[in-house]
Amino acid sequence: RIQERQGSAAPPCPSPCQCEEDGIFVMVDCSELGLSSVPTNLSPLTTYLDLSMNNISEIQPRAFHRLHLLSELRISGNQLRYISGHALQGLHNLKVLMLQNNQLERLPDDAPWDLPNLLSLRLDANLLSEVPAGAFRGVRSLRHLWLDDNSLTEIPVTALDSLPSLQAMTLALNQITHIPDYAFTNLSALVVLHLHNNKIQSMDARCFEGLHSLETLDLNYNDLQEFPVAIRTLSKLQELGFHNNNIKAIPERAFVGNPQLQTIHFYENPIQSVGKSAFQFLPKLHTLSLNGATQIQEFPDLKGTTSLEILTLTRAGLSALPLDLCEQLPRLRVLELSYNQIEDLPSFYHCSALQEIGLQHNQIRRIELSTFQQLVSLRALDLSWNMIEWIHPDAFTSLHSLIKLDLTENCLSSVPVAGLGGLTHLKLRGNTELYEAFSPDHFPRMRVIEMPYAYQCCVYGSCDSYKPASQWDTEQSNTDEDLHKRTVAMYPIHADAHYDPDLEEFQLEIEESKLQTSVQCTPTPGPFRPCDSLLG
Amino acid sequence: HKQIPGVSSGCQQGGCLTCSDYNGCLSCKPRFFMHLERIGMKQIGVCMTSCPPGFYGTRSPERNTCTKCRSECDSCFNKNFCTRCRAGFYLHLGKCQENCPEGLARSDTQRECVS
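Since this is a predicted model, take the numbers as computed values, not measurements.

The rules behind the values
- Residues numbered from 1 in each chain as written.
- Chains lettered and ligands numbered in written order.
- Predicted model: local features only at pLDDT ≥ 70, side-chain atom pairs only at ≥ 80, totals over all residues.
- Heavy atoms only, no water.
- Helix = DSSP H or I, 4+ residues; strand = E, 2+ residues; numbered from the N terminus.
- Buried < 20%, exposed > 50% of the residue type's maximum accessible area, 1.4 Å probe, protein only.
- Areas by Shrake-Rupley, 256 points an atom, 1.4 Å probe, with all protein chains shown as cover.
- Pairing = 2+ DSSP bridges.
- Disulfide = S-S within 2.5 Å.
- Contact = heavy atoms within 4.5 Å.
- Buried area = accessible area lost by both parts, 1.4 Å probe.
- Salt bridge = Lys/Arg side-chain N within 4 Å of Asp/Glu carboxyl O.
- Nonpolar A, V, L, I, M, F, W, Y, C, P; charged D, E, K, R; others polar.
- Domains from an automatic or database assignment.
- pLDDT = per-residue confidence, 0-100.
- Patch = residues over 30% accessible without salt bridge, like charges linked within 9 Å, V, L, I, M, F, W, Y side chains within 5 Å.
- Lys, Arg positive; Asp, Glu negative; His and termini not counted.
- Charge placed at Lys NZ, Arg CZ, Asp CG, Glu CD.
- Phe/Tyr/Trp six-rings, centres within 6.5 Å; stacked < 30°, edge-to-face > 60°.
- Core = buried A, V, L, I, M, F, W, Y, C linked by side-chain atoms within 4.5 Å.

1. Concerning the overall build of chain A
A tally of regular secondary structure across chain A gives five helices and 27 strands. When burial is assessed residue by residue, chain A has 51% of its 536 residues classed as buried. For chain A, the computed accessible surface area is about 24,000 Å², with 50% contributed by carbon and sulfur atoms.

This is the structure we're talking about:
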């Protein structure tokens, strides 16, 4: 530390700051010291100066004029309202300037900051309601600009014209309502643009002209009424977000100009209709989520969108699926089509990577042999709340990875068990014509099973202390002998007369048996749901 | 550069809204970033005007959070855009790569691809 070597040639360290040597240079930390002005005796060899979290409300002219080697200056978290061009004179080598979390209300215009090598400028969390036209004339090398969390009502179009090297910018959390044509026309190097949490209602069709390098565009949490067709000029776009807006339709060929798109987030929009060709020719798109678009009657044509891995299309009006669905989407891993009106299923044979299928709440009646053939990676299959009456005996034989099968609320009178040996979760509740009590041997790994009737759980030892109702009424005492009777009734294997279990040993045995074969089977038999089937 | 700029621990921090001596800041004043700093086995809540090196800040109306940059970045603008690379990587248009595009050379001092 500099303080200990004050006598030698080490550069002076202004008290009460802390200094650290960096070769012949010095890094100065004056943060959180209650300072009300910039220390005056700063060494010209200072390369890093942290004045953050103090009470500085003004920077005296030429405060930094000797600091030609300063690379990073942090003045965030103070009470600065204005910083003139003269205040930052002399900072020829400054690369990073942090002014966030101040009270800045305006920026200099006619005599702007002269920081020719500045790369990163943080102006976020201030009170700026506008950016003067000339504000950035002296920072032409700027690459990263933070203007988020201010009070801007417009895109500072003219000021941005001075920034041909800008690569990343955030204008989020402002009050911007409209994006005019050619708003970013000079920003040919811009890669990232954040505009989330504004009040953007409309955008001119050519507002993104000039953004030849843009890869990420964040329009989330705005008030867009129409699909942003202006994105058509963004040929390099990879990540697009416009979720939490007010968009009702996605037009035909919506992303024809964006072949590089990998993710599109547009949930929380009242989307009713989607052009059939809207999501065509997006070879890098891996996730597509559409929920509640009730006017979608036909499955979208996904020609050329061959990398899709997750497709969610719920609460729409689909009644059928294309027969060549899996030819178009060979890499599909998750298919979620719940809450539609699908009746017939194609064969998912070519979707060999499928791991999850959600088809609950549709109108499916039959499961054919070919429907789920060769889906060797399928882990979860939800067919609940359909009208399934029949399942081909070998429909599940090749589902070696299946662990969860939900057939709740269907019309099944039998369920083929071939191929279901790996299940840990099986749900059959609501299939009122299904009386069969499945032997545990079919499901050696079962952990949770739901049956239509309580007696079907008895094979899983879930009867515990519940005997047929008649025996339960007459013997209400709790003597050791009674415990013995209940044990015999519950576990016939202990029926031999010589077995005289010690109570403690017996309870241990109960606990152990619960651990080894504890299959949670419901509904649990009880006094009013006896183990014996009422129907004999 | 300084590891954690402008921050003291416990309840003396300027950005804290609520805090406890044991856990540091529990919530931050508006416009401050909340970051959980690991000190030994403990996690201390810290309120900052900018996230520590290796993290980027995301502002939203409800809260301001710090999120880790990609492993090859020393600092970044968001999860897909680096502003400074780790040693052995070179920056070009927000990407940190071990090699530079054709026509650009690797600068070890700046850790960038330069013409």
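Now that the structure has been shown, we can carry on.
2. A look at the pairing of strand 1 (residues 18–22) of chain A
Residues and elements named next belong to chain A. Taken together, the five bridges between strand 1 and strand 2 (residues 25–29) define a ladder with antiparallel strand orientation. Looking across to strand 2, one finds that Q18 is bridged to D29. What sits between the antiparallel neighbours strand 1 and strand 2 is a turn of two residues, in which G23 has the positive phi angle 70°.

3. A look at the environment of Y455(A)
Of note, Y455(A) is situated in the loop between strand 26 (448–450) and helix 3 (469–474). Counting along the chain gives 279 residues from Y455(A) to I176(A), while the straight-line C-alpha distance between them is 65 Å.

4. Points about the state of the cysteines
Per the stated rule, a full pass over the model turns up 11 disulfides over all chains. Shown here is the disulfide that connects C326(A) with C351(A), its sulfur atoms set 1.9 Å apart. A torsion of -105° about the S-S bond marks the disulfide between C326(A) and C351(A) as left-handed. Of this pair, C326(A) sits in helix 2 (residues 325–328) while C351(A) sits in the loop between strand 19 (334–336) and strand 20 (356–358); the two residues are 25 residues apart in sequence, bridging distant segments of the chain. The same class applies to C326(A) and to C351(A), which are both buried. The disulfide that involves C28(B) links it to C47(B), with 2.0 Å between the sulfurs. Taking the torsion about the S-S bond as the criterion, the C28(B) to C47(B) disulfide, at about -90°, is left-handed. Of this pair, C28(B) sits in strand 2 (residues 24–28) while C47(B) sits in strand 4 (residues 42–48), and the two are 19 residues apart along the sequence. Exposure class is identical for C28(B) and C47(B). Each is buried.

5. Side note on the interface of chain A and chain B
With 42 residues of chain A in contact, the opposing surface of chain B contributes 29 residues. The junction of chain A with chain B conceals about 2,600 Å² of combined surface from both sides, 51% of it contributed by carbon and sulfur atoms. If you sort the residues of chain A by the area they bury against chain B, E32(A), M53(A) and N101(A) come out on top, with a joint share of 19%. At the surface where chain A touches chain B, the tally comes to seven salt bridges. For the side of chain A that touches chain B, the secondary structure elements donating two or more residues are strand 2, strand 3 (46–50), strand 4 (72–74), strand 7 (144–146), strand 8 (168–170) and strand 10 (192–194) of chain A. Looking at the side of chain A that touches chain B residue by residue, the class counts come to 14 nonpolar, 16 polar and 12 charged.

6. A closer look at the pattern of salt bridges
In total, this model carries 21 salt bridges over all chains according to the counting rule given. The partner of E298(A) in a salt bridge is K276(A), with the nearest N and O atoms 3.6 Å apart. Of the two residues, E298(A) is situated in the loop between strand 17 (287–291) and strand 18 (310–314) and K276(A) in the loop between strand 16 (273–274) and strand 17; the sequence distance between them amounts to 22 residues. Residue K276(A) is classed as partly exposed on the basis of its relative accessible area, which comes to 36%. Overlapping salt bridges bring together R122(A), D124(A), D148(A), D149(A), R31(B) and R59(B) as one network.

7. Things to note about the domain arrangement of chain B
Domain annotation of chain B identifies domain 1 (16–68) and domain 2 (73–114). Between domain 1 of chain B and domain 2 of chain B, the C-alpha centre-to-centre distance is 28 Å.

8. Quick look at the confidence of the model for chain B
Should pLDDT be low for a region, the predicted coordinates there are not to be read in detail. Residue and element names in this part refer to chain B. In the predicted model, chain B carries a mean pLDDT of 88, and the fraction of residues at 70 or more is 89%. For the stretch residues 1–8, pLDDT sits under 50, and the model shows 27 contacts to residues farther than four places along the chain or on other chains. Here the predicted complex carries an ipTM of 0.91, next to a pTM of 0.81.

9. Quick notes on a negative patch on the surface
All names here are of chain A. Residues D109, D110, E130 and E154 make up a contiguous surface patch of negative charge. Within the secondary structure layout, D109 lies in the loop between strand 5 (96–98) and strand 6 (120–122). Overall, D109 belongs to the partly exposed group, its relative accessible area being 34%.

10. Describing the packing of aromatic side chains
Two measures describe an aromatic ring pair: the distance that separates the ring centres and the angle between the ring planes. For the coordinates displayed, the defined rule picks out 12 aromatic pairs over all chains. A centroid spacing of 4.9 Å and a plane angle of 40° characterise the contact between W146(A) and F77(B), whose relative ring orientation is tilted. A residue pair is termed interchain when its members come from two chains, as with W146(A) in strand 7 and F77(B) in strand 7 (residues 73–78). Across the pair, exposure class does not vary: W146(A) and F77(B) are buried alike. With 5.4 Å between their ring centres and 35° between their planes, F255(A) and F279(A) make a pair best called tilted. Highlighted residues: F255(A) in the loop between strand 14 (249–250) and strand 15 (263–265) and F279(A) in the loop between strand 16 and strand 17, separated in sequence by 24 residues. Neither F255(A) nor F279(A) differs from the other in exposure class; each is buried.

11. With respect to the side chain of N431(A)
Assignment of secondary structure puts N431(A) in the loop between strand 25 (425–427) and strand 26. In this structure N431(A) comes out as buried when scored by relative accessible area, which is 0%.

12. Regarding the nonpolar core
Grouped together as the largest cluster of nonpolar side chains are 143 residues, with contacts concentrated most on F64(A), F136(A), F184(A), F208(A) and F279(A). Elements represented by at least two residues in this core include exactly strand 2, helix 1 (157–160), strand 17, strand 18 and helix 2 of chain A. Every residue in contact with F208(A), bar those within four places of it in the chain, is listed here: I179(A), F184(A), L193(A), M203(A), L217(A), A230(A), I231(A), T233(A) and L234(A). Listed in part, the nine residues of the second largest apolar core include C69(B), C73(B), C76(B) and C82(B).

13. What about unusual backbone geometry?
All names here are of chain A. The residue after S15, namely P16, is reached through a cis peptide bond having omega 0°. Its place among the elements puts P16 in the segment before strand 1. A cis amide bond links T522 with the next residue in sequence, P523, at an omega value of 0°. Along the chain, the position of P523 falls in the segment after strand 27 (520–522). Residue N197 is not a glycine yet carries a positive backbone phi of 55°. Classification of N197 as buried rests on a relative accessible area of 15%. Phi at E268 takes a positive value of approximately 55°, unusual for a residue other than glycine. Looking at where E268 falls in the secondary structure, it is placed in the loop between strand 15 and strand 16.

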